[in-house]
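Notes for the structure review
Chain by chain, the residues:
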Amino acid sequence: MFNPDQPIQSTRDDALGRAGFARSVAMTIRRYKPTSSLVLALNGNWGCGKTSILNMMTGYIEKLSRKSPPEARPIVCRFNPWNFSDQNQLISQFFAHLSTVLNRSDLGNQVKDFGEKLKKYAKFLRPLELIPGVKSAAELLKQVLESGGDALETFGKERSEDLTTLKEELNGLLEGQSRRIIIIIDDVDRLNNTEIRQVFQLVKSLADFKNIVYVLAFDKNVVLNALSKVQGDIGERYLEKVVNVPLDIPDPDPSKLKEFLRKALKDITKDKWDARAWEEIYTDHLDIFFRNFRDVLRFLNTFRFGWGLMKDDVNLRDFIYLTAIQIRFPHLYDEIRKNFETLVELRIRTWNISTAFRDEKRELQANQAIKENWDSRIPELSEIAKDTIRDALKTLFPELAAAYGGTEVGRHERVNWRAEKRICHPSFFNRYFKLSLEPTDFGQEELEEILACASDPEQLSRRLGELHGKGRLRIFWLEIEAVCENGSLSEDQIRSLVRILFTSGNLAEEAQRSSLFWALINGLNSFEARKRLLHEIVENPEADIGQVVCLLSDLQINRPGDAWQDQHPPESFLRRMSIDNFSLNGAQRLMAQRLFRIAENRNLANHPYLGEILTYWSEWPERETLEACIDLLMGQDDTLVETVACFFTKDLHPGSSQPIVSTGLKNLWSMLNVGQYEERIRAVYNSEAFSEYPEWKRLAVGHVVQSLERSQGTAEN
């Protein structure tokens, strides 16, 4: 399936994160209060997605308008002058199209009256030959009178209404009604110079009615060039006079562009996909080949078509490089296609020749000629871009790299090239040319809206769950860390967010949780507030005990063998947080008591991270409660099996359901005195009920029994 170079229709298809910008534009339009005409301009290069942004913006306007009563909802009129066949009547076509939109049956009488009167207004403009410059209604009226003939007759038939009066009536109709008219004019930069000037004269002079917002989309450089040719050297001043709000379309997030491309290529290449090669390709070379999303789509279409025909005859890495060059620099692609000898064959020597017979001076001259030859073929770009293209060529053709001073190529490399179907091997070069085809951020308003839910835990969890479903949760937490640095969160907001971290496991990534806690707790101004929050987490019955135990261990100031402490001896997490050992030890004692109570209720053994909990717990200063807890766990058959098994890792044999149990004896022995429980372990192992436990757990207990027997045999010897 090919990706046609068509704009997306809604935010569901937004792969580049432009929906936020479209929403901001929509909200700007909706919040604009004055009734005077407003002109917004979306400026972006060809292929940057202007029409896609307009589509998403329109969708947001419609969504935001649903909260308003029907009689107050804006009317959106899309006008694309490039789609009309008779460009000589652009202005009359505009008014005819607008009149048709305003005569819809679902619109009020006042709007329809405006549409009908607009037809009369358009008749006055029909005989005019518009001249450069912004004209007032009075000036246009004078030109109508001077034109005589049909225009003057029309003037009499319309009850002697002059143009100025008619325009005032139109403004009165618009000013008095609650519906705003939003007129979107796309593809302005596709028109010829005269037509571009007509569009801007239309917006500024002929149709600058009240309560109308114009949104124009164009490439500013193209429009300025056109206006300068028609207006002389005042093109930029003319544009500034017409456009009230210029908006530059932001460049797509490079990471989103890269991820879209990666997923698409992985889907196309399937079993031949090479993730490591892709990272090297994109990081080193490919990013400069894609200026916008249109370049990406054109690349994917060309790649997909060629790959389907040649996937068994080409190297994936080389084919990606070559297709990127074909799309972005077709002239360079053609130069590669025509220079087999320079790139592949010219430098091939007899592989067993002695180096004594080589003419090094001549080789240096030949290398210099090759470098100059290919440097002249590289497009005129910045030096960094030229270096990137040059590096891509050297990656494709190691012989060329050798000419630039790289490592000399030997026979072994050439043998590998053939096996890998590289373009640099003579047998495969021409196969690459069977076809020569032509070619998740957060705005401040949204963040504040979510934080406003802090007083309602259920609503906050629901909002974060929505972000998680849309893949935006990680970005939200990154924004929260940044906000914490500014100290702009209230104590209630901090408490609510910390509660979410430890009571909703899927609403924060494991790697983020501790760093988020440190950032949030440092947002509290007093030592007592930090201590109180830490104790609240420990005592919260809904907080996941595994996550809390992990946190308390991360906060341990003198953990033996801690890798972080080895790397950062001058500073500790606790000093940064201003929580002393006394407060931490108090929290650990509270947690130990809670864990013991859970064990008494026989709910601790079933925790999926029991092994980690016990291991972290063993590093806390007091061990009495831990030892009492282990006695409880080892006192019942079921909990004994769970406790022993939690120190082992279960995997499956490839292609079967048979478990492999990786030994965890070292961790188990360091955790508890297994010999103390030898009798209990053997009793469970030899019981009739033991066969009812899952196989991998039976294997784990069996490992322990065998270890005990080996230890006993060693002692006897």
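Keep in mind that this is a model prediction, so the values were computed, not measured.

Conventions we followed
Residues numbered from 1 in each chain as written. Predicted model: local features only at pLDDT ≥ 70, side-chain atom pairs only at ≥ 80, totals over all residues. Heavy atoms only, no water. Helix = DSSP H or I, 4+ residues; strand = E, 2+ residues; numbered from the N terminus. Buried < 20%, exposed > 50% of the residue type's maximum accessible area, 1.4 Å probe, protein only. Areas by Shrake-Rupley, 256 points an atom, 1.4 Å probe, with all protein chains shown as cover. Expected span 1.5 Å × (residues − 1). pLDDT = per-residue confidence, 0-100. Contact = heavy atoms within 4.5 Å. Pairing = 2+ DSSP bridges. Core = buried A, V, L, I, M, F, W, Y, C linked by side-chain atoms within 4.5 Å. Axes fitted to C-alpha atoms, helices over the stretch in contact; angles between N-to-C directions. Parallel < 35°, antiparallel > 145°, perpendicular 65-115°, else oblique. Nonpolar A, V, L, I, M, F, W, Y, C, P; charged D, E, K, R; others polar. Phe/Tyr/Trp six-rings, centres within 6.5 Å; stacked < 30°, edge-to-face > 60°. Salt bridge = Lys/Arg side-chain N within 4 Å of Asp/Glu carboxyl O. Patch = residues over 30% accessible without salt bridge, like charges linked within 9 Å, V, L, I, M, F, W, Y side chains within 5 Å. Lys, Arg positive; Asp, Glu negative; His and termini not counted. Charge placed at Lys NZ, Arg CZ, Asp CG, Glu CD. Arc of directions from axis to C-beta. Left-handed = near helix turned anticlockwise from the far one by under 90°.

1. Quick notes on the overall build of the protein chain
Per the secondary structure count, the protein chain includes 36 helices and seven strands. By the burial criterion, 47% of the 717 residues in the protein chain qualify as buried. Total accessible area on the protein chain is roughly 36400 Å²; 47% of this is exposed by carbon and sulfur atoms.

2. Regarding helix α24 (residues 491-503)
Taking 1.5 Å per residue, 13 residues should reach 18 Å; α24 reaches 18 Å between its end C-alpha atoms and fits that length. Those residues of α24 lying buried are Gln493, Ile494, Arg495, Ser496, Leu497, Val498, Ile500, Leu501 and Phe502.

3. Side note on the confidence of the model for the protein chain
Per-residue pLDDT for the protein chain has a mean of 76; in total, 76% of the residues score no lower than 70. Low pLDDT (under 50) marks residues 436-441, which in the prediction has 16 contacts with non-local residues, meaning those over four places away or in another chain.

4. A word on the pairing of strand β2 (residues 75-79)
Only one face of β2 is buried: it carries Ile75, Cys77 and Phe79, and the other face, with Val76 and Arg78, is open. The pairing of β2 with strand β3 (residues 181-185) spans five bridges and is classified as parallel. If you follow arginine 78 over to β3, its bridge partner there is isoleucine 184.

5. Considering the nonpolar core
In this structure, Leu464, Phe476, Trp477, Ile480 and Phe517 are the most contacted members of the largest nonpolar core, which totals 77 residues. In terms of residue count, helix α30 (residues 581-600) provides more of this core than any other element does, seven residues in total. Beyond its immediate sequence surroundings of up to four residues, isoleucine 480 is in contact with Leu447, Leu451, Leu489, Leu497 and Leu520. Counting residues in hydrophobic clusters, the runner-up holds 55 residues, among them Leu322, Tyr333, Leu396 and Phe428.

6. Structural notes on the sheet that holds β2
With respect to topology, five strands assemble into an open sheet ordered β2-β3-β4-β1-β5, the strand pairing being parallel. For this open sheet the edge positions go to β2 and β5 (245-248), each flanked by a neighbour on one side alone. On average, adjacent strands in this sheet sit at an angle of 15° to one another, irrespective of strand direction. Pairing geometry for β3 and strand β4 (residues 212-218), over five bridges, is parallel. Bridging from a neighbouring strand, isoleucine 182 pairs with valine 213 of β4. Those strands touched by helix α2 (residues 50-65) are β1 (38-43), β2, β3 and β4, and its axis lies near 165° from that of β2.

7. Describing the packing of helix α14 (residues 316-328) against helix α15 (residues 330-338)
The N-to-C vectors of α14 and α15 enclose an angle of 130°; their axes lie 5 Å apart at closest approach. Classified by the interaxial angle, the pair formed by α14 and α15 is oblique. Mapping the contact onto sequence places Leu322, Ile325, Gln326, Ile327 and Arg328 in α14 and Pro330, Leu332, Tyr333 and Ile336 in α15. In terms of residue class, the contact of α14 with α15 is made up of seven nonpolar, one polar and one charged.

8. Observations regarding the packing of aromatic side chains
Following the criterion strictly, the structure yields 19 aromatic pairs and no others. Relative to phenylalanine 218, the ring of phenylalanine 200 lies with its centre 5.7 Å away and its plane at 70°, an arrangement referred to as edge-to-face. Here phenylalanine 200 is found in helix α8 (residues 193-206), whereas its partner phenylalanine 218 is found in strand β4, with 18 residues between them in sequence. Given the relative accessible area of 0%, phenylalanine 200 is considered buried. Looking at phenylalanine 218, the relative accessible area reads 2%, which means it is buried. With a centroid separation of 5.8 Å and an interplanar angle of 25°, the aromatic rings of phenylalanine 299 and phenylalanine 303 are classed as stacked.

9. Quick look at the pattern of salt bridges
Evaluation of the coordinates by the stated rule reveals 24 salt bridges. For glutamate 627, the salt bridge goes to arginine 623, with nearest N and O atoms at 3.9 Å. Salt-bridge contacts for arginine 682 lead to glutamate 678; the nearest nitrogen and oxygen are separated by 3.0 Å. In this pair, arginine 682 and glutamate 678 both sit in helix α35 (residues 678-685), four residues apart, roughly one turn of the helix. In the salt-bridge network here, residues are joined through shared partners; they are Glu491, Arg495, Arg532 and Glu536.

10. Comments concerning the side chain of threonine 58
Within the secondary structure, threonine 58 is located in helix α2. Classification of threonine 58 by relative accessible area gives buried; the value is 9%. Here threonine 58 is in contact with Val76, Arg78 and Ile184, once residues within four sequence places are set aside.

11. Here we look at a positive patch on the surface
A cluster of basic residues, Arg23, Lys63, Arg66, Lys67, Arg73 and Lys470, forms a positive patch at the surface. Within the element layout of this structure, arginine 66 appears in the loop between α2 and β2.

12. Details of helix α21 (residues 444-451)
Turning to α21, its buried residues number three or more, namely Glu446, Leu447, Ile450 and Leu451. Buried residues along α21 cover an arc of 135° about the axis, so they all sit on one side.

13. Quick word on the side chain of aspartate 295
Looking at where aspartate 295 falls in the secondary structure, it is placed in helix α13 (residues 293-310). With near-sequence residues (within four places) excluded, aspartate 295 lies in contact with Phe289, Phe290, Ile327 and Arg328.

14. Overview of the environment of alanine 19
Tracing the backbone shows alanine 19 in helix α1 (residues 19-31). Its relative accessible area of 12% is what places alanine 19 among the buried residues. In this structure, the C-alpha to C-alpha distance between alanine 19 and asparagine 55, residues 36 residues apart in sequence, is 10.0 Å. Excluding its chain neighbours within four sequence positions, the residues that come into contact with alanine 19 are Thr11, Asp14, Met56 and Tyr60.

15. Digging into the packing of α14 against helix α18 (residues 383-396)
α18 packs onto α14 with a crossing angle of 140° between their chain directions and a minimal axis gap of 10 Å. Regarding the angle of α14 to α18, the classification is oblique. Every pair of crossing elements has a handedness; the one defined by α14 and α18 is left-handed. Contacts between α14 and α18 pair Asp318, Tyr321 and Ile325 from the former with Ala392, Leu393, Thr395 and Leu396 from the latter. Its residues placed into classes, the contact of α14 with α18 shows five nonpolar, one polar and one charged.

16. Remarks on unusual backbone geometry
Here lysine 421, not a glycine, exhibits a phi torsion of approximately 60°, which is positive. Tracing the chain through its elements places lysine 421 in the loop between α20 (411-419) and α21. Backbone geometry places arginine 602, a non-glycine residue, at a positive phi of 60°. Tracing the sequence through the fold places arginine 602 in the loop between α30 and α31 (610-617).

17. Topic: the environment of isoleucine 450
By secondary structure assignment, the location of isoleucine 450 is in helix α21. Taking relative accessible area as the criterion, isoleucine 450 reaches 0% and is therefore assigned buried. Separated by 14 residues in the primary sequence, isoleucine 450 and leucine 464 have C-alpha atoms spaced 8.2 Å apart.

18. What about the environment of arginine 463?
Along the chain, arginine 463 turns up in helix α22 (residues 457-469). Judged by relative accessible area, arginine 463 falls into the buried class, the value being 17%. As for arginine 463 and leucine 473, which are separated by 10 residues in sequence, their C-alpha atoms are 9.8 Å apart. Aside from chain neighbours lying at most four places away, what touches arginine 463 is Glu449, Ile450 and Cys453.

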